[in-house]
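An overview of the molecular structure
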Amino acid sequence: MTDLGPIDSIPSLQAHLQAALRVEHATIPPYLCALYSIPDGTNLEAARVIRSVVMEEMLHMTLVANLLNAVGGTPVLAEPEFPLRYPGPLPGSDAAFEVALLPLSDPALATFLRIERPEQAGAPPQPGRYHTLAQFYDAIRDGFERLVRDLGPDAVFTGPRERQVDPATWYYGGGGDAIVVHNLETARQAIDEVKEQGEGSARSIDDGDGEPAHYYRFLELRAGRRFRQGDTPESGPTGAEIPLDWTVILPMRPNPRVSEYSARPEVQAKMVAFNRAYTRLLRELQRAYGGEPHRLREAVPIMYECRYQAQALMRMPSFAGDGTTAGPSFEFDAGAGFE
């Protein structure tokens, strides 16, 4: 695994932010597989929780893109190496665990908790081979501060302002909002938003916006209870029960790949159609983050297209003959163009 190395120059900061963009994206397909495995009209609270996390991960991608644009970088999403090949470790991490595409299940929730786990008090920043995402973002924050101190802010924040996604051009319905990054203060704000909303801390369940952080939302689902006032990370959630009917979850076969379904052309064709829509989505996002922020609105219909195709795949029997279904593979399709 490639070590990202220290953040000691503008190019190294840009490389770390591009890695952070991959990391934030790498969490979304697993969360979507869990969400799409919940049939419409069932397990409403679990679906609401996972959907809220997905929306906020999209915000995190946007914040990281703003950070990268602010320092003169170019966010890259539309290339075969950008999506994670599942199962696999988070980009740039210490590879302590792998992220897989799974239906909603205890193994899926266990992985989500590992992705979002808070850093422990006193944990050092880690620019590469990081143990927690919070330590990775601590290193990025340190890198910004060091470069501003050594080079001066004008040498660090060189990106054109018009490439920033601001709240006025951001179609969004989750917690937090886009932050225009143009100096050290706004860079810190963007990094803190990503950290607090995702991991929270080992001392508080709050994400800074009045909701449990992602880690604690997933802990609620695994425990089957909501956090209530007075609960702490140590106590765990002690509030109202979260009803979850596991019997209706669609049994998607883990980590599907298009190449595995050559003997099932009807399934393979739908998987290819999903991947082409997914690839068009990545291209729209790249254009949005590359100076056309209005294209975020253009991406919304493609997101719905991906959803409907994924849900259809999860109702098609897989080739395994073990009661599992097919599912989306989130593979980049170089043949997919704009429509």
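None of these values were measured; they are calculated from a predicted model.

**Examining the overall build of the protein**
- Looking only at helices and strands, one finds nine helices and zero strands in the protein.
- Written out in order from the N terminus, the α and β elements of the protein read α-α-α-α-α-α-α-α-α.
- Against the 2.2 N^0.38 benchmark of 20 Å for 339 residues, the protein shows a C-alpha radius of gyration of 20 Å, consistent with a compact globule.
- Considered along the principal axes of its C-alpha atoms, the protein spans approximately 60 × 50 × 40 Å.
- Of the roughly 13900 Å² of accessible surface on the protein, a fraction of 51% belongs to carbon and sulfur atoms.
- Across the protein, the mean location of the 32 positive side-chain charges is 4 Å away from that of the 46 negative side-chain charges.

**With respect to the nonpolar core**
- Ile 50, Ile 140 and Phe 144 are the most contacted members of the largest nonpolar core, which has 103 residues in total.
- Counting residues per element, the ones that place at least two in this core are helix 1 (10-36), helix 2 (44-70), helix 3 (106-116), helix 4 (133-151), helix 6 (184-198), helix 7 (214-223), helix 8 (265-289) and helix 9 (295-313).
- Other than its neighbours up to four places away in sequence, Ile 50 contacts Tyr 31, Ala 34, Leu 35, Ile 38, Leu 104, Phe 218 and Leu 221.

**With respect to the side chain of Glu 56**
- Position of Glu 56 among the secondary structure elements: in helix 2.
- At 2.9 Å, the side chain of Glu 56 and the side chain of Arg 217 are in polar contact.

**Details of the packing of aromatic side chains**
- Inspection of every chain in the model, using the stated rule, returns 13 aromatic pairs.
- Aromatic pair Phe 274 and Phe 330: ring centres 4.9 Å apart, planes at 80°, arrangement edge-to-face. In this pair, Phe 274 sits in helix 8 while Phe 330 sits in the segment after helix 9, placing the two residues 56 residues apart along the sequence.
- Phe 274 gets classed as buried once you look at its relative accessible area, which sits at 1%.
- Here the aromatic rings of Tyr 278 and Phe 330 are separated by 5.2 Å at their centres, their planes lie at 85°, and the arrangement is edge-to-face. Taken together, the residues span a long stretch of sequence, with Tyr 278 in helix 8 and Phe 330 in the segment after helix 9 at a distance of 52 residues. The same class applies to Tyr 278 as to Phe 330, namely buried.

**Remarks on the pattern of salt bridges**
- All told, the structure shown has 21 salt bridges when counted by the stated rule.
- A salt bridge links Arg 141 to Asp 192, with the shortest nitrogen-to-oxygen separation between them at 2.7 Å. With Arg 141 in helix 4 and Asp 192 in helix 6, this residue pair connects regions lying 51 residues apart in the sequence.
- Taking the relative accessible area as the measure of exposure, Asp 192 reaches 24% and is therefore partly exposed.
- For Arg 225, the salt bridge identified is with Glu 241, shortest N-O distance 3.5 Å. Linking Arg 225 in the loop between helix 7 and helix 8 with Glu 241 in the loop between helix 7 and helix 8, this pair joins segments that are 16 residues apart in sequence.
- Classification of Arg 225 by relative accessible area gives partly exposed; the value is 32%.
- Through salt bridges with shared partners, a single network forms among Glu 45, Arg 48, Glu 220 and Arg 226.

Basis of the calculations
Residues numbered from 1 in each chain as written. Predicted model: local features only at pLDDT ≥ 70, side-chain atom pairs only at ≥ 80, totals over all residues. Heavy atoms only, no water. Helix = DSSP H or I, 4+ residues; strand = E, 2+ residues; numbered from the N terminus. Rg over C-alpha atoms; globule rule 2.2 N^0.38 Å. Areas by Shrake-Rupley, 256 points an atom, 1.4 Å probe, with all protein chains shown as cover. Lys, Arg positive; Asp, Glu negative; His and termini not counted. Charge placed at Lys NZ, Arg CZ, Asp CG, Glu CD. Core = buried A, V, L, I, M, F, W, Y, C linked by side-chain atoms within 4.5 Å. Buried < 20%, exposed > 50% of the residue type's maximum accessible area, 1.4 Å probe, protein only. Contact = heavy atoms within 4.5 Å. Polar contact = N/O pair within 3.5 Å; in protein donor to acceptor, adjacent residues only side chain to side chain. Phe/Tyr/Trp six-rings, centres within 6.5 Å; stacked < 30°, edge-to-face > 60°. Salt bridge = Lys/Arg side-chain N within 4 Å of Asp/Glu carboxyl O.

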